[in-house]
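Summary of the model geometry
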Amino acid sequence: MAESSTNLDALPLSADDIVLPFRVEALDTRGRAVRLGSVLDSILARHDYPRVVERLLAEAITLTALMGSSLKFEGRFQLQTKSDGPVSMLVVDFMTPSDIRAYASFDAGRVGTLPRPAGDASLLGSGYLGFTIEQGAQQTRYQGIVALDGQGLEAAAMQYFKQSEQIPSAIRIAVAEEQLAGGGGARHRWRAGGILAQFLPTAPERMRQADLDPGDAPAGVPRHEIAEDDAWIEARSFVETTEDIELVDPELGLDRLLYRLFNERGVAVSNPMLLRDQCRCSEERIHEMLRQFKAEDLAEMREEDGLIGITCEFCARRYRLSLG
Ligand SMILES: [Zn+2]
C-alpha cells in the first residue's frame, strides 16, 4: 500500500471516493471496486458541460479509477478518447496514489440536437479509446488502444482487455444522478461505481487443465487454445450480473456490495485507497510548456498588457503569465 498523508486505517470501507481492492481466493480472482461521490461533483462543477457530457465523463473517470489504481509504482495512467461524435475527446488522468483530473471536448450544437436519452455510442461515434501508462522517473511509456465503433466505454474497455491483456478480465461501471430535495444550491449530484475482476490463478498450469483433459476437447479445437476455467466463469458472471443500482447505491457500501457478490466463496478486502480531485497544473509547468512555442506564436498570444492568458483545460484555473 502506498504511503499517504491520509490515515487509511480510519477510512471506512463503505465510504465514497475510494477504491477497494479485493480477492476471492477460491475463484483465483482479484480485483478492485470503486465508488465515487463528491469527487465527481467537484470535478464536473468546474466545467459547464451539458448533463449528458457530464455523465459520459463520469463514466470515463470511473473506468480510469478502476484501471489506474492498479499501478504498483509512482506514475500516471491516462484514458483518452478521440472520435467523430458530438463528444470528440475525453481525457482523464490518474496520478498515483490518488489524484484524478478530467475534461471533455464536445460540439454543443450536436450534443443539443441528440435525441434523449443519449447513449454513449451516439455521443462518442467512431474513433478510439486509448490508455497510456507513464512510469515515474524513467518515463517508461506503455500505450494501449481499442476501436470505439458504436459501443460505449464499458464495452470498449472489455474489448481492450480481450485484445491486449493476457489476463481474463470482467468490468462493470455505472453512473447515476441523485436528485436532491429542497431549494437553492445544487439540485442534483453524481454518483458512480464500478468493479473490475481479473483471473489470476496462483498456479498458472491450472488454466491449462481443461485443455489437457483429453476427454471433452471438441474436435478441431487447437491444442494451444485455452478453455475457460470454471472458477473464472463463476467469478465473471458475478461481476457481469452486478446491477447498476448496486454499483451506485449510497446505502450499499463497497464492502457490503462485495460481500453480496462473493460471500458464498469468501471475499477478503485490503485497505481502501482514497481518490481526490486534484490537478497538477502550476505556473512553473505552464512556463515550461510556453517555452516550447515559437516567438511569433507567443506574440500572437499576448494580451494588451503583454501578459499571456492560459486556462488549464483540466481544472479551468486561469493563469496570466509574463514570459521573457
Ligand atoms: Zn489544472
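Residues numbered from 1 in each chain as written. Predicted model: local features only at pLDDT ≥ 70, side-chain atom pairs only at ≥ 80, totals over all residues. Heavy atoms only, no water.

1. Focus on the overall build of the protein chain
Helices and strands together make up the secondary structure of the protein chain, namely eleven helices and 14 strands. Residues counted as buried form 45% of the 324 residues belonging to the protein chain. Approximately 16,700 Å² of the protein chain is accessible, and the part contributed by carbon and sulfur atoms is 48%. (Helix = DSSP H or I, 4+ residues; strand = E, 2+ residues; numbered from the N terminus. Buried < 20%, exposed > 50% of the residue type's maximum accessible area, 1.4 Å probe, protein only. Areas by Shrake-Rupley, 256 points an atom, 1.4 Å probe, with all protein chains shown as cover.)

2. Some words on the coordination of the zinc ion
Every protein donor of the zinc ion is listed here as C279 (SG), C281 (SG), C312 (SG) and C315 (SG), and their distances to the metal cover 2.3 Å. One can describe the site at the zinc ion as tetrahedral: its four donor atoms subtend angles covering 102 to 115° at the metal. Spacing between the donor residues of the zinc ion along their common chain follows C-x1-C-x30-C-x2-C. Taken as a pair, C281 in the loop between strand 12 (276-277) and helix 10 (283-290) and C312 in the loop between strand 13 (308-311) and strand 14 (318-321) lie far apart in primary sequence, 31 residues in all. Side by side, C281 and C312 carry an identical accessibility label, which is buried. (Donors = N, O, S within 2.8 Å, 3.2 Å for Na, K, Ca; no water. Tetrahedral: all angles 85-135°; square planar, octahedral: opposite > 155°, others 65-115°.)

3. Re helix 1 (residues 38-45)
Taken residue by residue, helix 1 has V39, L40, I43 and L44 as its buried positions. Projected down its long axis, helix 1 carries its buried residues within an arc of 120°, all on one side. (Arc of directions from axis to C-beta.)

4. Thoughts on the pattern of salt bridges
On inspection of all chains with the given rule, the structure shows 18 salt bridges. A salt bridge links D93 to R101; the nearest nitrogen and oxygen atoms lie 2.8 Å apart. According to the relative accessible area criterion, R101 is buried, its value standing at 11%. Here the residues in one salt-bridge network are R76, D93, R101, E134 and R141, joined through shared partners. (Salt bridge = Lys/Arg side-chain N within 4 Å of Asp/Glu carboxyl O.)

5. Considerations on the packing of aromatic side chains
Geometry of an aromatic ring pair is reported as the spacing of the ring centres plus the angle between the planes. Going through the model one piece at a time under the given rule, you end up with eight aromatic pairs. Look at Y49 and F106: their rings are 5.5 Å apart centre to centre, the planes differ by 90°, and that puts the pair in the edge-to-face class. You can see Y49 sitting in the loop between helix 1 and helix 2 (51-68) and its partner F106 sitting in strand 5 (residues 99-106), a full 57 residues away along the chain. Residues F238 and F262 carry aromatic rings whose centres are separated by 5.6 Å and whose planes lie at 85° to one another, so their mutual orientation is edge-to-face. Taken together, the residues span a long stretch of sequence, with F238 in helix 7 (residues 230-240) and F262 in helix 9 (residues 254-262) at a distance of 24 residues. F262 matches F238 in its accessibility class, with the two residues each being buried. (Phe/Tyr/Trp six-rings, centres within 6.5 Å; stacked < 30°, edge-to-face > 60°.)

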